[in-house]
Amino acid sequence: MSNFDIFIGEVTGTALLILLGGGVVAGVVLKRSKAQNAGWVAISFGWGFAVMVGAYLSAGLSGAHLNPAVTIGLAIEGGTKWSDVPLYIGSQMLGAIIGAFLVWVAYMGQFKAHLTDPEIIAAQPRVEGLVDQKSAPAAGPVLGVFSTGPEVRNPLQNALTEIIATFVLVIAILTQGLNNSGNGLGTLGVLITSFVVVGIGLSLGGPTGYAINPARDLGPRIVHALLPLPNKGGSDWSYAWIPVLAPLIGGALAGGYYNWVLA
């Protein structure tokens, strides 16, 4: 595959992944949305279907990594050239930013209704002595539409949760349907991976919101920080390193485990 194929595949596939994944969260969370309060099961399946759409679109172009942790795992396993890794990750980041921006466009009215609601404004923590409350370090009321955050803030536990969940994702991708001849599931593997993401969300998503993808978290967090949203609160940059670093560790461990134990 050419560099252009990798770029187009990863940008477009990741953008669709974030548009549909962030979109289901927006639909469940934001006021004046018909899907409000649909719950965690809807979010888990929404993200799984988002993976399916983005991956099917990009599988023939770039191999449908859509995730720097997957790219690192595949590079360690040997299926991806290390020289292609920067292009993959850069394309994924750009796609994630585009997808997050499109979530805002699609739900623009709901964002405004939610963030100007007196009940939502009154519920937000304020930092004493801080003139500009948009700079507050706390996560704002709609940050969860864009990025993840822990229910119990414990950096070690939060990082371990993301490492474990990402390990499950990447090892499932590396091993899906392989037989003694080394043949896998082909395009059917995209569907299997989508259900793996649903399973991770239902089983391991509760503690941190299961980023399991550095681009999925960092790109939209940047968009949240830049968008002109009223009363949006902080982007929680003190936590942002965990959903970036921990999934990369989880993906690397999965690639190493595959090579050393399963290959």
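None of these values were measured; they are calculated from a predicted model.

**Some words on the side chain of arginine 216**
In step 1: For arginine 216, the position within the fold is in helix H10 (residues 214-226).
In step 2: For the buried residue arginine 216, which engages in no salt bridge, the nearest side chain bearing the opposite charge is aspartate 217, 4.6 Å off.
In step 3: Looking at arginine 216, its side chain comes within polar contact range of the main-chain oxygen of phenylalanine 146, at 2.9 Å.
In step 4: Apart from residues no more than four positions distant in its own chain, arginine 216 is found in contact with Ile18, Trp47, Phe146, Ser147, Thr148 and Ala211.

**Topic: the side chain of threonine 80**
In step 1: Turning to its location among the elements, threonine 80 is positioned in the loop between helix H3 (68-77) and helix H4 (85-106).
In step 2: Excluding its chain neighbours within four sequence positions, the residues that come into contact with threonine 80 are His65, Leu74, Ala75 and Tyr88.

**Digging into the nonpolar core**
In step 1: Grouped together as the largest cluster of nonpolar side chains are 42 residues, with contacts concentrated most on Leu17, Trp47, Phe111, Val145, Phe146, Tyr210 and Leu229.
In step 2: Sort the elements by how many residues they give to this core and helix H1 (residues 3-29) lands first, with 6 residues.
In step 3: What phenylalanine 146 contacts, discounting residues up to four positions off in sequence, is Ala100, Phe111, Arg216, Pro220, Val223, His224, Leu227 and Leu229.
In step 4: Ranked by size, the runner-up nonpolar core spans 5 residues in total, among them Ala159, Ile163, Tyr239 and Ile242.

**Let's talk about a nonpolar patch on the surface**
In step 1: A grouping of Phe7, Leu94, Ile98, Phe101, Leu102, Val105 and Met108 is seen on the molecular surface, where their side chains present a nonpolar patch of about 530 Å² in accessible area.
In step 2: A total of 5 residues in the nonpolar patch trace back to one element, the largest contributor, which is H4.
In step 3: Looking at the secondary structure, you find phenylalanine 101 in helix H4.
In step 4: On the basis of relative accessibility, which here comes to 39%, the residue phenylalanine 101 falls in the partly exposed class.

**As for the pattern of salt bridges**
In step 1: For the structure shown, the criterion picks out 2 salt bridges.
In step 2: The salt bridge involving arginine 153 is made with aspartate 236; its shortest N-O contact spans 2.7 Å. Here the residue arginine 153 occupies a position in the loop between helix H7 (143-146) and helix H8 (155-175), and aspartate 236 occupies one in the loop between H10 and helix H11 (242-262), the gap between them amounting to 83 residues.
In step 3: On the accessibility criterion, aspartate 236 (4% relative accessible area) is buried.

Reading the values: the criteria
- Residues numbered from 1 in each chain as written.
- Predicted model: local features only at pLDDT ≥ 70, side-chain atom pairs only at ≥ 80, totals over all residues.
- Heavy atoms only, no water.
- Helix = DSSP H or I, 4+ residues; strand = E, 2+ residues; numbered from the N terminus.
- Buried < 20%, exposed > 50% of the residue type's maximum accessible area, 1.4 Å probe, protein only.
- Lys, Arg positive; Asp, Glu negative; His and termini not counted.
- Salt bridge = Lys/Arg side-chain N within 4 Å of Asp/Glu carboxyl O.
- Polar contact = N/O pair within 3.5 Å; in protein donor to acceptor, adjacent residues only side chain to side chain.
- Contact = heavy atoms within 4.5 Å.
- Core = buried A, V, L, I, M, F, W, Y, C linked by side-chain atoms within 4.5 Å.
- Patch = residues over 30% accessible without salt bridge, like charges linked within 9 Å, V, L, I, M, F, W, Y side chains within 5 Å.
- Areas by Shrake-Rupley, 256 points an atom, 1.4 Å probe, with all protein chains shown as cover.

Geometric descriptors of this kind do not, in isolation, establish any biological role.
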